[in-house]
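So you can see what is in the structure, the chains are spelled out below.
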Amino acid sequence: MKPLLHNLSASVRGDASTVSTVQALRRIWPQWGLRMDGLEAALKRKKGAGAKGCNWAASAEGDGLKMQRVHSAQVHAQTLKTFHGSLTTSDSVDVSLGSGPEAGAYLVAEEGAPPMNDRDLGIFRQTITRPHGLVLLTGPTGSGKSTTLYAALEDLLHSRGGNVITVEDPIEYEMPEVSQVEIDSADKVSFAKALRSILRHDPDVIMIGEIRDLETAEIAVKASLTGHLVFSTLHTNTAAGVVTRLADMGLKPFLIAATLRLAVAQRLVRRLCNQCRVPRALSEAEAAMLGRPQIAGRSVYEAGQCVYCAGRGYLGRIALIECFDCDESVAKMIGEGASEEMLVSNARERNRALLMDDAIGKMLAGVTTYQEVLEAVVVW
Ligand SMILES: [Zn+2]
């Protein structure tokens with residue numbers, strides 16, 4: 001909700017794009033400012049963000065089969081005092097990831113278009129069931145890396161159980177069977193401080209919301225060296241970039257080599273509605289833009305309009321994924337201080353799909369469009 005000089009504008013966004021916007025003259029709703037100021041004051045008491053749980057039920061009936069699933073959502077609200085009043089943003093997250101198989105379904109399959117191919121999923125599952133090591137998810141803000149992380153944790157809990165403790169800032173999903181610790185920056189409880197006390201509880205699996213500094217990185221490494229499986233996220237553009245980033249933070253290459261097991265880079269793109277997508281040929285210029293001139297002329301799809309997608313052409317989003325797994329030979333390269341380019345070319349030699357390969361695969365399969373791929377992968 002955005003207050004402007006003469007108007008109040010309220011927009012609804014879904015899947016990272018605006019679904020609808022309404023505007024009203026400011027003077028027909030004089031109470032607006034007061035209400036928003038009240039909300040801001042209430043949020044301030046709760047240290048800037050409000051979280052509220054709510055539940056709703058969805059049911060579907062067809063062919064005599066009745067399914068009912070209760071969803072629960074968390075609503076977070078943020079305000080920002082602007083010259084024209086309080087700008088308010090609230091987002092709701094469906095926190096009912098479900099347990100085990102359902103969370104696994106997030107990674108495996110939805111109507112024939114899985115985010116992860118069989119090989120990547122195999123590598124992923126194999127790594128997260130190891131007793132120790134460091135597993136890192138990377139990508140910009142809003143790339144869905146936390147969702148993948150939570151799905152992995154759910155999958156793990158379902159397959160082998162164990163004592164899982166998380167340290168987060170803030171807690172994005174509530175997990176019924178996990179001990180979650182929220183960092184309180186106002187009380188100056190840092191990730192590092194919380195982690196040190198968590199280690200005394202000897203968890204099997206630790207999830208750190210984000211590695212932001214050397215101190216946190218060192219504790220994550222120490223925890224994985226002492227027999228814990230550690231999950232976290234890091235801000236880098238590519239999966240192999242994790243090595244460079246950790247080294248830049250000041251972590252010794254031999255420690256990265258000894259602990260890093262898997263880095264996964266992720267982006268989100270909108271998923272085409274397959275009821276109305278429109279085929280066309282990829283032009284030479286477009287193929288060149290993607291760095292793959294050989295795919296010019298191949299069939300790709302554009303968004304259409306139909307009742308299934310409410311005329312939007314897209315239904316939900318899907319992750320583009322790049323898995324960088326470290327076997328002994330890769331660990332040796334990292335320990336010797338190999339550059340990111342060397343690690344990437346080694347990944348290519350091992351037939352690992354890079355983010356662009358996965359994006360092009362999904363584009364050619366009609367899961368997403370050229371434009372979405374261009375925005376998610378090329379323009380960074
Ligand atoms: Zn459609």
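In this report, we go over the structure that sits alongside the text. The structure presented is a predicted model; accordingly, all values stated were derived computationally and were not measured.

Here we take up the coordination of the zinc ion. Those protein atoms acting as donors to the zinc ion are Cys273 (SG), Cys276 (SG), Cys306 (SG) and Cys309 (SG), and they sit at 2.3 Å. Considering all four donor atoms around the zinc ion, the spread of angles at the metal, 108 to 113°, places the coordination shape in the tetrahedral class. When the donors of the zinc ion are listed by position in the chain, the intervening gaps give C-x2-C-x29-C-x2-C. Placement of the pair is Cys273 in the loop between β12 (260–272) and β13 (278–281) and Cys306 in the loop between β14 (299–302) and β15 (314–325), with a sequence separation of 33 residues. Judged on exposure class, the residue Cys273 and its partner Cys306 are both buried.

What follows deals with the packing of aromatic side chains. Per the counting criterion, the structure on display carries zero aromatic pairs. Here Arg270 stacks its cationic end above the ring of Tyr314, 4.0 Å away from the centre of that ring. Seen from the ring of Tyr301, Arg277 lies directly overhead, with NZ or CZ sitting 4.3 Å from the centre.

The subject of this paragraph is the environment of Ala287. Inspection of the secondary structure puts Ala287 in helix α9 (residues 284–289). Under the relative-accessibility criterion, Ala287 is labelled buried at 0%. For the pair Ala287 and Tyr370, spaced 83 residues apart in sequence, the C-alpha to C-alpha distance is 9.3 Å. Among residues more than four places away in sequence, those in contact with Ala287 are Leu282, Arg292, Pro293, Ile295 and Ala296.

With mixed pairing, the seven strands of this open sheet are ordered in space as β9-β8-β10-β11-β7-β12-β15. In this open sheet, the two edge strands, each paired with only one partner strand, are β9 (179–182) and β15. Across the sheet, the mean angle from the axis of one strand to that of its neighbour is 20°, orientation sign disregarded. Where β12 and β15 come together, 10 bridges link them in antiparallel fashion. Within β15, the position partnered with Ala263 by the bridge is Phe324. On top of the sheet, helix α3 (residues 118–128) reaches β7 (133–138), β11 (229–234), β12 and β15; it is set at about 135° to β12, its chief contact.

Basis of the calculations
- Residues numbered from 1 in each chain as written.
- Predicted model: local features only at pLDDT ≥ 70, side-chain atom pairs only at ≥ 80, totals over all residues.
- Heavy atoms only, no water.
- Donors = N, O, S within 2.8 Å, 3.2 Å for Na, K, Ca; no water.
- Tetrahedral: all angles 85-135°; square planar, octahedral: opposite > 155°, others 65-115°.
- Helix = DSSP H or I, 4+ residues; strand = E, 2+ residues; numbered from the N terminus.
- Buried < 20%, exposed > 50% of the residue type's maximum accessible area, 1.4 Å probe, protein only.
- Phe/Tyr/Trp six-rings, centres within 6.5 Å; stacked < 30°, edge-to-face > 60°.
- Lys NZ or Arg CZ within 6 Å of the ring centre and 35° of its normal.
- Contact = heavy atoms within 4.5 Å.
- Pairing = 2+ DSSP bridges.
- Axes fitted to C-alpha atoms, helices over the stretch in contact; angles between N-to-C directions.

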